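# Structural description and commentary
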Amino acid sequence: MRDYLLTLCVTAAVTYLLTGPVRKFAIATGAMPEIRARDVHREPTPRLGGIAMFFGLCAGLLVAAHLQNLGSVFELSNEPRALLSGAALIWLIGVLDDKFELDALIKLGAQMISAGVMVAQGLTILWLPIPGIGTVALTPGQGTLLTVALVVLTINAVNFVDGLDGLAAGMVCIAAAAFFLYAYRLWYGYTIEAAAPATLFAAILMGMCLGFLPHNMHPARIFMGDSGSMLIGLILAASAISITGQVDPDILRLFEGSTREATHAALPVFIPLLLPLTIIAIPMADLVLAIVRRTWKGQSPFAADRGHLHHRLLEIGHSHSRAVLIMYFWSALIAFGTLAYSVHSTSMWIVLGVVALSAIGLVLLLLPRFRPRAPRWAESVVPPRYRRRKPAPAAEAEPGTEPEADPETASGPAAAGEDERIPVPAGINGATAIGNRARFTDRRKAGTPS
């Protein structure tokens, strides 16, 4: 465990320290696209954060290769080299896309080629444990198709959810933490050496996300871009492929005793089929809904819009930070709930706990729909959004001027009692992103007169 924690810390430190220089490099090269209609941020922000994340991956693999307990992973398995080869290719395509906006079909082809590179070096699904049947060996063609499909789906699911500051990095970090605990249990608890590469990949992935998150939390100073989102999606898929298709379920020797006992004992074998899907359940649901929504409207499945789950949370009334935290909550609930069930499948308390937390999540999700007003005596101790609005003093209108709209009935920002905010235009190469982050030209404090 110490070696894994050391690898995680080194990866996080390298990613964190390199993100600042990468941000300046992105500004200098003009990798700051104009704000699009579907974007949530209001100020041009540099991309290319995936550069720092990729070098964090390289540093983590380099450190692990020189550690005594993890060095055997590189000697007995070719999976780390396969991962690095596929990651380098998908990262390079992502960097080009962040700068030049490549076509969606080109990126899709690059994702398939990256998956093929990993398959060619041995990182592929060899067999599947199927309940009621047992272990089913796959032909090379079947294993290749299944591996490529899983890689492409995971990459695009992570890419689709990358729409709010800190959302993709945080959700993938949660998924990697759950996967690390599961893989480490197989490696340490069952002494299965074949689970060591997946454990290492999950630890490195956590370090990459943790090192990048301080720069990417709202308000983000840099975005990971496609170079980062596709990279972490590929690593997450590689971890799932390694532990699902490389670990032989028969070596666990769990199929003994009665049928009921064997079914419960075999859950650690069947969970790899579900865990990669549960940890990306939220991004995958967003991906499926986006494809259905766009094809229903006669659009391309790759056409961008503002109908993602995080956009809907903002439309309901959640703030940027609260929408991100809600997505974190549901991701952690699904991932760690599945993990806990795989460990203690006979415990009813786990199921009841997941149901109770789901109910709490639904209440938090619909909270903006219910905005009670606090009584007068409690207004000093509740947030401003729950206080009663004080009527503005009536003023005589000058001749020839239009009367001011009532903030209670007006639409737009005035309805919420907010001042009209004017985004700061980007200077040469987006120079406004350097130095202090003055997001708006109007710096008056709330409540001050005009």
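Let us now look at the overall build of the protein. A count of helical and extended segments in the protein gives 15 helices and two strands. Here the protein holds 450 residues, and 47% of them are scored as buried. Pairs at least 24 residues apart make up 73% of the contacts formed inside the protein by residues separated by at least 6 positions.

Our focus in this paragraph is helix α2 (residues 50-65). Between the first and last C-alpha of α2 there are 23 Å, a value that for 16 residues agrees with the 22 Å anticipated at 1.5 Å per step. Within α2 the residues assigned to the buried category are Gly50, Ile51, Ala52, Met53, Phe54, Gly56, Leu57, Ala59, Gly60, Leu61 and Ala64.

Per-residue pLDDT for the protein averages 76, and the proportion of residues at 70 or more is 66%. A low-confidence stretch, residues 403-450 stays under pLDDT 50, and its non-local contacts, those more than four residues away or across chains, total 60 contacts.

Take the pattern of salt bridges next. Under the counting rule described, the total for this entry stands at three salt bridges. In this structure, Glu101 and Arg47 form a salt bridge, with 3.3 Å as the shortest nitrogen-oxygen distance. Of this pair, Glu101 sits in the loop between α4 (79-100) and α5 (104-120) while Arg47 sits in the loop between α1 (2-28) and α2, placing them 54 residues apart in sequence. Of the residues examined, Glu101 reaches a relative accessible area of 43% and is grouped as partly exposed. The residue Lys107 makes a salt bridge to Asp226 at a minimum N-O spacing of 2.8 Å. Of this pair, Lys107 sits in helix α5 while Asp226 sits in helix α9 (residues 225-245), placing them 119 residues apart in sequence. Across this residue pair, the class does not change: Lys107 and Asp226 are buried. One continuous salt-bridge network, built from bridges that share partners, spans Asp97, Lys107 and Asp226.

Moving on, we get to the packing of α2 against helix α8 (residues 196-216). Relative orientation of the contacting elements α2 and α8 amounts to 140°, with a least axis distance of 9 Å. Taken together, the axis directions place α2 and α8 in an arrangement best described as oblique. At the point where α2 passes α8, the crossing takes the right-handed sense. Note on element contacts: α8 touches α2 through Leu200, Ile204, Met208 and Phe212, opposite Met53, Leu57, Gly60, Leu61 and Ala64. Classifying every residue of the contact of α2 with α8 by side-chain character gives eight nonpolar, one polar and no charged.

All right, on to the nonpolar core then. Within the largest apolar cluster, 90 residues are counted, with the highest numbers of intra-cluster contacts made by Tyr4, Leu57 and Leu200. Among the elements that take part in this core, helix α7 (residues 167-189) stands out by supplying 17 residues, more than any other. The residues contacting Leu200, other than those within four sequence positions of it, are Tyr4, Thr7, Leu61, Ala64, Leu70, Val73 and Phe74.

Attention now goes to unusual backbone geometry. With an omega dihedral of -5°, the bond running from His218 to Pro219 counts as a cis peptide bond. In this model, Glu101 sits at a positive phi of 55°, which is unusual for a non-glycine residue.

A separate point is the packing of aromatic side chains. All chains considered together, the criterion is met by nine aromatic pairs. Taking the centre distance of 6.0 Å and the plane angle of 75° together, the rings of Phe54 and Phe55 count as edge-to-face. Aromatic pair Phe54 and Trp91: ring centres 4.3 Å apart, planes at 10°, arrangement stacked. You can see Phe54 sitting in helix α2 and its partner Trp91 sitting in helix α4, a full 37 residues away along the chain. You can call Trp91 buried: its relative accessible area is 16%. One aromatic cluster is present, built from ring pairs that chain together Tyr4, Phe180, Tyr184 and Trp187.

The rules we used
- Residues numbered from 1 in each chain as written.
- Predicted model: local features only at pLDDT ≥ 70, side-chain atom pairs only at ≥ 80, totals over all residues.
- Heavy atoms only, no water.
- Helix = DSSP H or I, 4+ residues; strand = E, 2+ residues; numbered from the N terminus.
- Buried < 20%, exposed > 50% of the residue type's maximum accessible area, 1.4 Å probe, protein only.
- Contact = heavy atoms within 4.5 Å.
- Expected span 1.5 Å × (residues − 1).
- pLDDT = per-residue confidence, 0-100.
- Salt bridge = Lys/Arg side-chain N within 4 Å of Asp/Glu carboxyl O.
- Axes fitted to C-alpha atoms, helices over the stretch in contact; angles between N-to-C directions.
- Parallel < 35°, antiparallel > 145°, perpendicular 65-115°, else oblique.
- Left-handed = near helix turned anticlockwise from the far one by under 90°.
- Nonpolar A, V, L, I, M, F, W, Y, C, P; charged D, E, K, R; others polar.
- Core = buried A, V, L, I, M, F, W, Y, C linked by side-chain atoms within 4.5 Å.
- Phe/Tyr/Trp six-rings, centres within 6.5 Å; stacked < 30°, edge-to-face > 60°.

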